[in-house]
2 protein chains.
Amino acid sequence: MEWNITPGRPVYLQLIEQLELAIVTGAMPAGARVPPVRELAAEAGVTPNTMQRALQELENRGLLKAQRTAGRTVSAGTEQLDTLRRQRAEALAQEFWKQMQALGVSTEETAALLRAAAEKENV
Amino acid sequence: MEWNITPGRPVYLQLIEQLELAIVTGAMPAGARVPPVRELAAEAGVTPNTMQRALQELENRGLLKAQRTAGRTVSAGTEQLDTLRRQRAEALAQEFWKQMQALGVSTEETAALLRAAAEKENV
DNA sequence: ATTATTGTATTAGACACTTAATACAACAAT
DNA sequence: ATTGTTGTATTAAGTGTCTAATACAATAAT
C-alpha cells in the first residue's frame, strides 16, 4: 500500500483517510487480513503508536476488527463499503459545489472546469 | 465579516483561507481598508497574535499591505484577484476530479452527483 | 507637541500531536 | 509447553499551535 503523508495536518487523520479509501475502493477487500501495525507503520514511515491510533479509530467506525494474534481484518461487508463509498462521493460533490458557489463560479463554468480537469488527467 | 472556525485544523490556516476568500470574491475589494488586527481578532474569537499571523501571511503573498498606523489595505489589483479566483477554482476542480477518480466514480456519475448537489442547494 | 490608534514583538504557559523506547497480553504455531 | 507473532499500553521528550498578558514602535489626528 502506498502512503502519502504531508505535514500541516495531523498524521493520524491522514492515515485514517487513506486507509478508509483503500478499504472502500476494494484495495483492501471485505474480509481481507490487514498487515500488522508495525508493518503498516514502517511502510508509512510513522511510529506504531500513530498507526495504532488510526486503526483503532477505523475499528470504532466498524470497518476493521482486531483479533489479537490473529491480526486485523476488514470487518465491513461489501454492501456497507459500497454505501460508504457512495456517501463519500456525495459529500465530496456537495463540498465542491459549495466552494464553487462561495467563489461565485457559475454552473456552466463549473462544468467547464471539470471537463478541463478531466482532460488534463490524460497526461 | 463572518467567521467559521472549526477545531481539528490550525486556526491561522483557516483564517488565511477565509480572508483570502473574502478578498478574491470582492467582499474586501481592491484598495479597501482592512479592519484593525484587534477588531478582526475579536470578531473571529481568536487572539490578536493568531490573527496577526494570518494577516502577515497574506501580506507575504502580496494580497495585503500594512502601513503602520494607517492600517492595512488590500494591495492586490482587480486583475490579480481575478486571476487568483480563477486559479483557486481550477485547483478545486482538479482536486475534486482527482478524488472522484480515486473513489472509482465514473464521469457520468460525477456529473450526476454534481447536479444533485446543485439541486440540494435550493433549500 | 500630545494623544490615540494601529501594527509589531516578546514571554510564559497549556494543550495536542508525534516520536521513541519499552513492556505487557493474548494466542496461533510448533 | 514453548516460542514467536500480534495487538495494546505506558512513559518521556520534542514540536507546533494557541492563548494571555504586556510592551514597544510608528504615525495619523488633534
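Here, the structure is the one placed above.
Here the residue numbering is sequential within each chain, running from 1 through the sequence in written order. Here every chain gets a letter starting at A, and every ligand a number starting at 1, in the order they are written. Selection of residues for local features in this predicted model requires a pLDDT of at least 70, selection of side-chain atom pairs for listing and counting requires 80 or more, and totals for whole chains, interfaces and linings are taken over all residues. Hydrogens and water are ignored here; the side-chain numbers use all heavy atoms of the structure.

> I would appreciate a short explanation of the sheet that holds strand S2 (residues 64-66) of chain A in the present structure.
Sheets are built from strands paired through backbone hydrogen bonds, the pairs being either parallel or antiparallel. Residues and elements named next belong to chain A. If you trace the three strands from one edge of the open sheet to the other, you get S1-S3-S2, paired in antiparallel fashion. Of all strands in the sheet, those with a lone pairing partner are strand S1 (33-34) and S2, marking the two edges. Strand pairing requires that DSSP identify at least two bridges connecting the strands. Numbering goes from the N terminus for both helices and strands, where a helix is a DSSP run of H or I of at least four residues and a strand is a run of E of at least two. Here S1 pairs with strand S3 (residues 72-74) via two bridges, running antiparallel. The residue of S3 that forms the bridge with Arg 33 is Thr 73. Should any heavy atoms of two residues lie within 4.5 Å, those residues are considered in contact. The angle between two axes is taken between their N-to-C directions and runs from 0 to 180 degrees, where each axis is a line fitted to C-alpha atoms and a helix contributes only its stretch in contact. The strands that helix H3 (residues 48-60) touches are S2 and S3; relative to S2, the one it contacts most, it runs at about 115 degrees.

> Is there a simple way to think about the pattern of salt bridges in this case?
Here the idea is simple: oppositely charged side chains can pair when their charged atoms come close. Here, a salt bridge means any side-chain nitrogen of Lys or Arg that lies within 4 Å of a carboxyl oxygen of Asp or Glu. Taken as a whole and judged by the stated rule, the model has 14 salt bridges over all chains. Between A:Arg86 and B:Glu109 there is a salt bridge, and its shortest N-O distance comes to 2.6 Å. Of the two residues, A:Arg86 sits in helix H4 (residues 78-103) while B:Glu109 sits in helix H5 (residues 107-120), which places them in two different chains. Exposure categories follow from relative accessible area, calculated using a 1.4 Å probe and restricted to protein chains: below 20% of the type maximum is buried, above 50% is exposed, and the middle band is partly exposed. Judged by its relative accessible area of 26%, B:Glu109 is partly exposed. The shortest N-O distance in the salt bridge between B:Glu57 and B:Arg61 comes to 3.2 Å. The class for B:Glu57 is partly exposed, based on a relative accessible area of 29%. You can call B:Arg61 partly exposed: its relative accessible area is 42%.

> I tried to follow the interface of chain A and chain B on my own but got confused; where do I start?
Accessible area lost upon the coming together of the parts serves often as the stated size of an interface. With 29 residues of chain A at the interface, the matching set in chain B holds 29 residues. As used here, buried area is the combined drop in accessible area, with a 1.4 Å probe, of two parts when they are placed together. Both sides together, the interface formed by chain A and chain B hides about 2,800 Å², and carbon and sulfur atoms give 69% of it. Taken together, the links from chain A to chain B amount to two salt bridges. At the level of elements, helix H1 (11-24), H4 and helix H5 (107-120) of chain A are the ones that each hand at least two residues to the side of chain A that touches chain B. As a working rule, the residues Ala, Val, Leu, Ile, Met, Phe, Trp, Tyr, Cys and Pro are called nonpolar, Asp, Glu, Lys and Arg charged, and the rest polar, with Gly in that last group. Residues of the side of chain A that touches chain B, tallied by class, amount to 16 nonpolar, six polar and seven charged.

> What's the story with the relation of the copies chain A and chain B in this structure? I'm lost.
Between the two copies of this chain, the relationship is a rotation about some axis together with a displacement along it. Structural alignment of chain A on chain B gives an RMSD of 0.1 Å, achieved by rotating through 180 degrees and translating 0.0 Å along the axis. The relationship between the two copies is best expressed as a two-fold rotation axis. When the interface residues of chain A are mapped onto chain B, 100% of them again fall at the interface, so both copies present the same face. When the copies are overlaid, the least-squares fit takes in C-alpha atoms only where the residue has pLDDT of at least 70 in both copies.

> Any chance you could explain the protein's contact with DNA strand D here in plain terms?
Throughout, near means a residue has at least one heavy atom within 4 Å of the molecule or strand. The local shell around DNA strand D holds 24 residues, among which A:Arg72, B:Val11, B:Asn49, B:Thr50 and B:Thr69 are the closest. In DNA strand D, the atoms that sit within 4 Å of the protein are 60% sugar and phosphate, with bases accounting for the remainder. Think of a polar contact as two N or O atoms within 3.5 Å of one another; within protein, one of them needs to be a possible hydrogen donor and the other a possible acceptor, and neighboring residues in sequence only count if both atoms come from side chains. Contact between DNA strand D and B:Thr50: a phosphate oxygen at 2.6 Å from a side-chain N or O atom of the residue. One of the side-chain N or O atoms of B:Arg68 is found 3.3 Å from a base nitrogen in DNA strand D. Those elements that place two or more of their residues in the surface near DNA strand D are helix H2 (37-44) and H3 of chain A together with helix H1 (11-24) and helix H3 (48-60) of chain B.

> Please explain the packing of H4(A) against H5(A) as it appears in this structure.
Packed helices, taken two at a time, are described by their axes: the angle between them and the distance between them. Residues and elements named next belong to chain A. Where H4 meets H5, the closest approach of the two axes is 11 Å, and the angle between their N-to-C directions is 125 degrees. When the axis of H4 is compared with that of H5, the two are oblique. When you trace H4 past H5, the crossing you get is right-handed. Mapping the contact onto sequence places Phe 96, Trp 97 and Met 100 in H4 and Thr 107, Thr 110, Leu 113 and Leu 114 in H5. Taken together, the residues that form the contact of H4 with H5 break down as five nonpolar, two polar and no charged. Angle categories: roughly parallel below 35 degrees, roughly antiparallel above 145, roughly perpendicular from 65 to 115, and oblique for all the rest. In this scheme, a crossing is called left-handed if the near helix is turned counterclockwise away from the far one by less than a right angle; it is called right-handed if the turn is clockwise.

> Explanation requested: H3(B) in the structure shown.
One turn of an α-helix holds 3.6 residues; hence residues three or four places apart share an orientation. Residue and element names in this part refer to chain B. Here the expected length of a helix is defined as 1.5 Å per residue gap, with one fewer gap than residues. Between its first and last C-alpha, H3 extends 18 Å over 13 residues, near the 18 Å set by a 1.5 Å rise per residue. For H3, every residue scored as buried is listed here: Met 51, Ala 54, Leu 55 and Leu 58. Buried residues of H3 fall within an arc of 95 degrees about the axis and therefore sit on the same side. Away from its buried face, by an angle of more than 90 degrees, H3 presents the exposed residues Asn 49 and Asn 60. Directions from the helix axis toward the C-beta atoms define the arc.

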